[in-house]
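A look at the structure
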Amino acid sequence: MATGSNVVASPFTFTPYVPAEGEEYMNEAQLKHFENILKNWKAELMQGVDRTVNHMQDDAANFPDPNDRATQESEFSLELRTRDRERRLSKKIDDALKEIESGDYGYCESCGIEIGIRRLEARPTATLCIDCKTLDEIREKQMG
């Protein structure tokens, strides 16, 4: 990833979990798998923060040309908005890690059923099963 890049780090650099026949859902091995995904994702986000700080410090200049100054301010603003989104994502990652500790990870907070390993691998911070998430999105569209 290039310095100053606005790409959000993703958790998709892992080996998918292959459950054994009859394996209990959210057993110790599965929880460890998701804990590793979440911790690695958070570490990538924190590296992005460091890159942004370094980039802004290294590239901060008082350009005499107003167009150059505006371009730089626009670039910095975009980076800061990206980092703000990542800050909110970091909070969701922390919440998911707390759910792993409490034993609630992997279960829908609305109906209580299993969210599913593949859905969690696609979105490790998911708190709703696909059915509840779909209903939530339908309600959101209707309200707004």
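Residues numbered from 1 in each chain as written. Predicted model: local features only at pLDDT ≥ 70, side-chain atom pairs only at ≥ 80, totals over all residues. Heavy atoms only, no water.

Regarding the confidence of the model for the protein
When pLDDT is low, close inspection of the predicted coordinates is not appropriate. Let me state the cut-off plainly: Summary of the metric used: pLDDT quantifies the predictor's per-residue confidence within the range 0 to 100. By definition, residues are in contact when any of their heavy atoms lie within 4.5 Å.
Predicted confidence across the protein gives a mean pLDDT of 86, with 87% of residues reaching 70 or more. In the predicted structure, residues 1-9 sits below a pLDDT of 50 and forms 18 contacts with residues beyond four places in sequence or in another chain.

A few points about the packing of aromatic side chains
Heads up, the condition is: Pairing of aromatic side chains here covers Phe, Tyr and the six-membered ring of Trp, requires ring centres within 6.5 Å, and sorts the geometry by plane angle: under 30 degrees stacked, over 60 edge-to-face, intermediate tilted. Labels follow the DSSP assignment, with helices taken as runs of H or I lasting at least four residues and strands as runs of E lasting at least two, numbered in each case from the N terminus. Only protein chains enter the accessibility calculation, which uses a 1.4 Å probe; a residue whose area is less than 20% of its type maximum is buried, one above 50% is exposed, and one in between is partly exposed.
Tallied over the entire structure, the rule returns two aromatic pairs. For the pair Tyr-25 and Tyr-107, a centre-to-centre distance of 5.3 Å together with 85 degrees between the ring planes defines the contact as edge-to-face. Here Tyr-107 lies in the loop between α2 (66-102) and α3 (117-122) and Tyr-25 lies in the segment before α1 (28-59), a separation of 82 residues in the sequence. Judged by its relative accessible area of 11%, Tyr-25 falls in the buried class. Summarising the aromatic geometry, the rings of Phe-34 and Tyr-105 are spaced 5.5 Å apart at their centres and angled 50 degrees between planes, so their arrangement reads as tilted.

Remarks on α2
Inclusion rule: What a helix is expected to span follows from its residue count: subtract one and scale by 1.5 Å.
For α2, with 37 residues, the first-to-last C-alpha span of 54 Å sits near the 54 Å given by 1.5 Å per residue. The set of residues buried in α2 consists of Gln-72, Phe-76, Glu-79, Thr-82, Arg-83, Glu-86, Leu-89, Ser-90, Ile-93, Ala-96, Leu-97 and Ile-100. Among the residues trailing α2, Gly-103 stands out with phi positive, at a value near 90 degrees.

Observations regarding the side chain of Asn-27
For the record, the criterion: In protein, a polar contact means a hydrogen-donor-capable atom and an acceptor-capable atom, both N or O and within 3.5 Å, with residues adjacent in sequence counting only if both atoms are side-chain atoms; elsewhere, any N or O pair within 3.5 Å suffices.
By secondary structure assignment, the location of Asn-27 is in the segment before α1. On the accessibility criterion, Asn-27 (17% relative accessible area) is buried. In terms of polar contacts, Asn-27 uses its side chain to reach the backbone carbonyl oxygen of Glu-24, at 3.1 Å. Here the side chain of Asn-27 touches Ala-29 through a polar contact of 2.9 Å, landing on its backbone nitrogen.

Structural notes on the environment of Pro-16
Along the chain, the position of Pro-16 falls in the segment before α1. Residue classification places Pro-16 among the partly exposed residues on the basis of a relative accessible area of 46%. On a C-alpha basis, the gap between Pro-16 and Arg-118 in space is 8.2 Å, while along the polypeptide they are 102 residues apart. Those residues in contact with Pro-16 that sit more than four places away from it in its chain are His-33, Arg-118 and Glu-121.

So, unusual backbone geometry
A negative phi angle is the norm for most residues apart from glycine, just as the trans form is the norm for most peptide bonds. Phi at Met-26 is positive, roughly 55 degrees, even though this residue is not glycine. The class for Met-26 is buried, based on a relative accessible area of 9%.

Brief notes about the pattern of salt bridges
In plain terms, the rule: The working definition used for a salt bridge is a side-chain nitrogen of Lys or Arg within 4 Å of a carboxyl oxygen of Asp or Glu.
Going through the model one piece at a time under the given rule, you end up with eight salt bridges. Residue Glu-35 is joined to Lys-39 by a salt bridge in which the shortest nitrogen-to-oxygen separation is 3.1 Å. Placement of both Glu-35 and Lys-39 in helix α1 is noted, with a separation of four residues, approximately one turn of the helix. A salt bridge links Lys-42 to Asp-94; the shortest N-O distance between them is 2.6 Å. Within this pair, whereas Lys-42 is found in helix α1, its partner Asp-94 is found in helix α2, the two being separated by 52 residues in sequence. In this structure, a network of salt bridges that share partners links the residues Lys-32, Glu-35 and Lys-39.

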